[in-house]
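Summary of the model geometry
Letter by letter, the chains look like this.
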Amino acid sequence: MKVLLLYPEFPDTFWSFKHALKFIGKKAAFPPLGLLTVAAMLPAAWEKRLVDVNVRQLRDRDLAWADVVFVSAMIAQRDSARPLIARCHAAGKTIVAGGPLFTIAAEQFPEVDHFVLNEAEVTLPDFLRDWAAGVARRVYTATELPDIRQTPAPLWELADLRRYASMSVQYSRGCPFDCEFCNVTAMFGHRPRTKSTAQVLAELDSLVRRGWHGTVFFVDDNFIGNKRALKEDLLPALIQWQRGHRGIPFYTEASINLADDAALMQLMVAAGFNQVFIGIETPEAAGLVECNKRQNQNRDLVADVKRLQRAGLEVQGGFIVGFDSDSPSIFQRQIEFIQQSGIVTAMVGLLQAVPGTKLHQRLARQGRLCGDTTGNNADGTTNFITRMNRDTLVTGYHRLTKHLYEPRQFYQRIRTFLRDYRPLRIPGRWSWRYPLAFVRAGIRLGIIGRGRFQYWRLLVWTLFRRPTLVPMAVTLSIYGHHFRKSYRGASR
Ligand code: B12
Ligand code: SF4
């Protein structure tokens with residue numbers, strides 16, 4: 001059996017990092033971890049080939065080679081998935097689809113032969129058994145949440161790691177919280193399920209064996225869902241592991257209560273974590289109550305962010321506008337919060353209702369749903385009747401994102417951040433890509449760019465005030481270039 005594993009293209013969005021990747025000569029930000037994990041669950045005797053369309057095109061000879069195509073996607077990849085699936089269907093291939101997009105929107109893909117939905121640890125064995133017996137059904141679903149201590153390590157050998165800016169590892173699934181708009185708990189439950197420390201170390205070792213020495217993203221929904229396991233087991237083991245592998249930086253996603261736990265922050269930083277994405281959502285108390293973001297309520301969120309930065313963690317923040325309780329003053333409130341906190345990478349989205357979430361159910365009950373979600377909450381669209389006048393909301397949203405990434409505001413925010421940031425110095429590995437990125441940034445941002453004066457001002461400021469952070473200042477400036485372009489594209 002010859003299996004083609006197919007990963008559709010991401011549109012030019014905030015998280016695609018498309019405009020930043022060019023500076024370091026990479027094709028995609030992250031590898032398709034779900035698909036590579038599924039590949040490891042297929043019979044060893046099957047031949048496997050990966051085509052990640054973010055890295056290279058699907059060729060006719062790939063299709064001619066394959067007996068069956070396994071496709072994975074999240075909602076944001078829907079527009080690329082459709083023509084790819086049509087092409088596989090036209091070539092007469094059997095198509096098996098799984099992953100978050102198909103789990104919530106299977107009915108939109110009539111050309112798919114088999115849907116193996118939810119977590120493959122549960123559904124794939126049933127499918128494979130039936131397939132071998134020639135009686136495979138069209139749809140396999142499950143409500144059971146598997147023990148991921150049985151999940152095999154991804155088949156990294158299928159991917160060309162050099163094409164990616166970062167690698168991914170998953171330690172846990174699920175999140176103890178219950179935010180109304182979130183799809184994660186609907187899919188993965190509230191009880192964080194973790195892999196064993198030995199599994200995580202084996203996955204990291206396998207990446208290093210394949211020559212990977214760059215950043216690794218722990219793709220957990222909430223890395224600190226099980227603090228005890230982290231403190232007593234995983235983090236001490238990672239600290240130990242890093243001793244033999246200096247310079248592999250980690251980053252992850254976590255909830256804001258990380259800022260309450262100095263010991264946990266310290267352990268994470270010692271283990272090599274230098275960045276954390278946090279869903280801050282809104283500085284307005286009413287908005288936090290409305291979306292049931294309990295962990296963000298009744299606290300000084302700016303002070304929390306500063307505490308994390310001082311501990312050595314760069315905070316990337318997720319923000320939302322479009323809550324029922326939002327008035328037009330929300331746009332200015334968000335700007336003030338983001339500027340003050342020094343969150344350089346601020347992903348501001350319009351609230352969208354993803355099927356399967358409590359928000360989607362509430363809006364359906366209220367008769368306010370209108371159309372599909374695009375899955376990309378940073379494209380300035382929404383799929384429900386908003387309380388704020390729609391034009392006011394959309395115009396305010398585009399103004400907000402434009403303002404945040406205007407060179408003056410953006411470079412000022414980097415300075416605010418660098419003033420507070422106290423990273424642990426872990427010697428990184430040298431790569432020819434760094435000087436190259438520096439030169440490219442000098443040309444693109446420092447000569448051609450509209451904010452060239454601001455760019456050089458930042459570099460001079462950093463050189464005198466925080467000289468060890470100059471590479472970081474350049475990296476963040478490159479991110480800003482991408483965010484400016486992706487938000488500008490979304491507002492057209
Ligand atoms: C890492 C990640 C990303 C990375 C993607 C990296 C990559 N190349 O895949 C980045 C940061 C780019 C990202 C971005 C976004 N993401 Co994201 N992301 C995740 C996250 C945290 C982990 C995904 C992962 O790697 N999991 C580990 C692997 C092992 O699990 P998996 O992929 O789910 O695969 C399992 C099953 O789904 C299944 N499976 C998967 N594929 C297949 C294929 C077949 C054939 C079969 C049989 C089974 C199968 O088996 C696997 C093992 O159980 C998830 C949350 C989550 N827990 O899943 C959100 C998630 C996938 N993202 C989500 C969203 C909404 C986004 C964004 C739109 C956010 C935004 N507002 O901009 C963007 C869109 C991307 C873009 N560029 O525009 C949603 C998707 C909702 C949906 N139903 O599609 C999720 C579920 C989080 C959420 N809030 O709800 N994301
Ligand atoms: S904290 Fe994050 S992952 Fe957890 S429920 Fe809220 S939005 Fe979802």
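Scroll up to find the structure this text is about.
Overview of the structure. (Residues numbered from 1 in each chain as written. Chains lettered and ligands numbered in written order. Predicted model: local features only at pLDDT ≥ 70, side-chain atom pairs only at ≥ 80, totals over all residues. Heavy atoms only, no water.)

1. Section: the pattern of salt bridges
Scanning all chains against the criterion turns up 32 salt bridges. Arg137 is paired through a salt bridge with Asp130; the nearest N and O atoms lie 3.8 Å apart. The class of Asp130 is buried, set by a relative accessible area of 10%. For Asp261, the salt bridge is made with Lys227, and the minimal N-O distance between the two is 3.9 Å. Pair noted here: Asp261 is in the loop between strand 11 (250-254) and helix 10 (262-270) and Lys227 is in helix 9 (residues 227-244), with a separation of 34 residues, a long-range link. By sharing partners, the salt bridges in this structure join Glu180, Glu290, Asp324, Arg362 and Arg368 into a single network. (Salt bridge = Lys/Arg side-chain N within 4 Å of Asp/Glu carboxyl O. Buried < 20%, exposed > 50% of the residue type's maximum accessible area, 1.4 Å probe, protein only. Helix = DSSP H or I, 4+ residues; strand = E, 2+ residues; numbered from the N terminus.)

2. Examining the site of ligand 1
Around ligand 1, the structure places 44 residues, and the nearest of them are Thr13, Glu121, Asp221, Gly375 and Asn377. A distance of 2.7 Å separates an oxygen atom of ligand 1 from a polar atom in the side chain of Tyr7. Within the side chain of Thr13, a nitrogen or oxygen atom sits 2.4 Å from an oxygen atom of ligand 1. Looking at the shell around ligand 1, the elements that each hand over two or more residues are helix 2 (33-41), strand 3 (68-72), strand 4 (94-98), helix 5 (100-105), helix 6 (120-132) and helix 7 (184-188). The element best represented in the shell around ligand 1 is helix 2, accounting for five residues. Of the residues contributing to the shell around ligand 1, the split by class is 26 nonpolar, 13 polar and five charged. (Near = heavy atom within 4 Å. Polar contact = N/O pair within 3.5 Å; in protein donor to acceptor, adjacent residues only side chain to side chain. Nonpolar A, V, L, I, M, F, W, Y, C, P; charged D, E, K, R; others polar.)

3. Brief notes about unusual backbone geometry
Phi is positive for Phe17, which is not a glycine, with a value near 55°. Structurally, Phe17 is set in the loop between strand 1 (2-7) and helix 1 (18-24). Phi angles above zero are rare outside glycine, and Glu281 is one such case at about 70°. Residue placement: Glu281 occurs in strand 12 (residues 273-281).

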